[in-house]
Amino acid sequence: MDKLIITAAVTGGEYVSKAATPYVPSTVDEIVDEVVRSVEAGASIVHLHAKDPETGDAWSGDPNPVLREYVDRIRERVDVVLNLTTGGGRVGNPPERWDELVRERCGLGQEMMSLNMGTMNRWMEHPTGRIFLNTVDMIERWVGYMVEGGVKPEHEVYDTGMINVCRQLAEKGAAPEPLHIQFVMVGRTGILPTPKALLYCLDQIPDGWTWSVCALGRYEIPISAVAMTLGGHVRVGFEDNIFLRRGVLARSNAELVEKVANIARELDRPIATPDDTREMLGLKRP
Ligand code: KMH
Ligand code: ZN
């Protein structure tokens, strides 16, 4: 089996503020320290959103200068593959600006970016409303910006129909193959976090594509264990789950990384380093 790529989604994304957990990192220093801890625990990719440094809420200004600062500061401290959000960064930024923001974001020095593969009802309250807007036109433009910028898209699939959108991008040559898919098992408005649903998803993707799962809340660790036994990769972290176990908040993203790294060790699945990950996913070195 391939080495295991562990992604840590450390910043809490758009949803997790200091009000939800005091352990979510918010200032630049806290975020950089948290990335270092997560890499030491076994993460080879970190996924980042821009945070309000005081409250830990989603940053409502231009996210790009904030993300650039994270990239530069993290590069000074630790070797890790950087994966910036595309779906985040909309709070306070109207849809007319999204294209320009995404295009500019492709040049911040990261190796990867999320690319959300369809419009859906959000699974949680959100300051921008319940619709998570990602039309096929937006996706096609944004994948083009990523390819131009030498950034590898991580295709976020929240529902099985979105796999067809991935296949169409590949057939048109818009997204370079092999694609890397993140099955985002949100339940509620998207894929249920069950082994059966995951097996169905895997049946739909071509051989040779790489894949990872991220399941929300209490399903994060059990579904990660299923993915690991099936040869897939995993994402954990405060963006998806803040609990180490029932009723116990994780005190750091690194505790969640360590938990899946321990399962991998028990399964005799070696853990990928950042350089292994670059090779496995065909990423450019920064
Ligand atoms: N918040 C995750 C469930 C993005 O940042 O563009 C999906 C995500 C997408 O990470
Ligand atoms: Zn995200």
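Look up a bit, the structure's there.
The sections below set out a description of the structure shown in this document. All values derive from a computational prediction rather than experimental measurement. (Residues numbered from 1 in each chain as written. Chains lettered and ligands numbered in written order. Predicted model: local features only at pLDDT ≥ 70, side-chain atom pairs only at ≥ 80, totals over all residues. Heavy atoms only, no water.)

**Overview of the site of ligand 1**
Item 1. Surrounding ligand 1, one finds His 47, His 49, Thr 85, Thr 86, Gly 87, Ser 114, Asn 116, Trp 123, Tyr 158, Val 184, Arg 235 and Glu 239.
Item 2. Contact between ligand 1 and His 47: an oxygen atom at 3.1 Å from a side-chain N or O atom of the residue.
Item 3. Here Arg 235 contributes a side-chain N or O atom positioned 3.1 Å from an oxygen atom of ligand 1.
Item 4. Each residue belonging to the shell around ligand 1 can be placed in one class, and the counts come to 3 nonpolar, 7 polar and 2 charged. (Near = heavy atom within 4 Å. Polar contact = N/O pair within 3.5 Å; in protein donor to acceptor, adjacent residues only side chain to side chain. Nonpolar A, V, L, I, M, F, W, Y, C, P; charged D, E, K, R; others polar.)

**Here we look at the packing of aromatic side chains**
Item 1. Summed over all chains, the structure comprises 5 aromatic pairs.
Item 2. Seen from their ring centres, Trp 123 and Phe 132 are 6.1 Å apart, and the 75° between their planes marks the pair as edge-to-face. Comparing Trp 123 with Phe 132 shows no difference in burial state: the two are buried.
Item 3. Seen in terms of ring centroids, Phe 132 and Tyr 158 are 5.9 Å apart; in terms of plane orientation they differ by 90°. Their pairing is edge-to-face. (Phe/Tyr/Trp six-rings, centres within 6.5 Å; stacked < 30°, edge-to-face > 60°. Buried < 20%, exposed > 50% of the residue type's maximum accessible area, 1.4 Å probe, protein only.)

**Notes on the packing of helix H3 (residues 95-105) against helix H4 (residues 136-148)**
Item 1. At a minimum axis distance of 9 Å, the contact between H3 and H4 shows a crossing angle of 25°. Classified by the angle between their axes, H3 and H4 sit roughly parallel to one another. Taken as a pair, H3 and H4 cross one another with a handedness that is right-handed. Of the residues in H4, those touching H3 at Trp 98, Asp 99, Val 102 and Arg 103 are Met 138, Arg 141, Trp 142, Tyr 145 and Glu 148.
Item 2. Across the contact of H3 with H4, the residue classes tally to 5 nonpolar, no polar and 4 charged. (Axes fitted to C-alpha atoms, helices over the stretch in contact; angles between N-to-C directions. Helix = DSSP H or I, 4+ residues; strand = E, 2+ residues; numbered from the N terminus. Parallel < 35°, antiparallel > 145°, perpendicular 65-115°, else oblique. Left-handed = near helix turned anticlockwise from the far one by under 90°. Contact = heavy atoms within 4.5 Å.)

**Examining the sheet that holds strand S10 (residues 233-236)**
Item 1. Spatially, S1-S2-S3-S4-S7-S8-S9-S10 is the arrangement adopted by the 8 strands of the closed barrel, whose pairing is parallel. Taking each pair of neighbouring strands and ignoring which way they run, the sheet shows an average axis angle of 25°.
Item 2. In terms of strand pairing, strand S3 (residues 81-84) meets strand S4 (residues 112-116) through 2 bridges, oriented parallel. What sits directly across from Leu 84, in S4, is Met 113. (Pairing = 2+ DSSP bridges.)

**Things to note about the coordination of the zinc ion (ligand 2)**
Item 1. Coordination of the zinc ion (ligand 2) by the protein comes from His 47 (NE2), His 49 (NE2) and Glu 239 (OE), over a distance range of 2.0 to 2.1 Å.
Item 2. Look at where the donors of the zinc ion (ligand 2) fall in the sequence and you get H-x1-H-x189-E. Remark: Glu 239 occurs in the loop between S10 and strand S11 (243-245) and His 47 occurs in strand S2 (residues 45-48); sequence separation between them is 192 residues.
Item 3. Of the residues examined, Glu 239 reaches a relative accessible area of 14% and is grouped as buried. (Donors = N, O, S within 2.8 Å, 3.2 Å for Na, K, Ca; no water.)

**Some details on the side chain of Asn 253**
Item 1. Tracing the backbone through its elements, the reader meets Asn 253 in helix H8 (residues 253-266).
Item 2. Setting aside residues up to four positions removed in sequence, Asn 253 forms contacts with Ala 9, Val 10, Pro 25, Glu 34, Ser 38, Gly 237 and Phe 238.

**Quick notes on the packing of helix H7 (residues 220-229) against H8**
Item 1. Between H7 and H8, whose axes approach to 10 Å, the crossing angle comes to 35°. Every pair of crossing elements has a handedness; the one defined by H7 and H8 is right-handed. Contacts between H7 and H8 involve Glu 220, Ile 221, Ser 224, Ala 225 and Met 228 from the former and Leu 256, Lys 259, Val 260, Ile 263 and Ala 264 from the latter.
Item 2. In terms of residue class, the contact of H7 with H8 is built from 7 nonpolar, 1 polar and 2 charged.

**Observations concerning the environment of Thr 21**
Item 1. Along the polypeptide, Thr 21 turns up in the loop between strand S1 (6-9) and helix H1 (28-41).
Item 2. The spatial distance from the C-alpha of Thr 21 to the C-alpha of Pro 193 is 23 Å, given a sequence separation of 172 residues.
Item 3. Excluding anything up to four places from it in sequence, Thr 21 contacts Val 16, Ile 242 and Leu 249.

**Description of the pattern of salt bridges**
Item 1. Here the structure, examined in full by the defined rule, presents 18 salt bridges.
Item 2. Close ionic contact of Arg 278 with Asp 79 constitutes a salt bridge, the shortest N to O distance being 2.9 Å. In this pair, Arg 278 sits in helix H9 (residues 274-281) while Asp 79 sits in the loop between helix H2 (63-77) and S3, placing the two residues 199 residues apart along the sequence.
Item 3. Residue Asp 79 is classed as partly exposed on the basis of its relative accessible area, which comes to 34%.
Item 4. The partner of Asp 275 in a salt bridge is Arg 278, with the nearest N and O atoms 2.9 Å apart. Here Asp 275 pairs with Arg 278, and both are found in helix H9, just 3 residues apart, close to one helical turn.
Item 5. Of the residues examined, Arg 278 reaches a relative accessible area of 4% and is grouped as buried. (Salt bridge = Lys/Arg side-chain N within 4 Å of Asp/Glu carboxyl O.)

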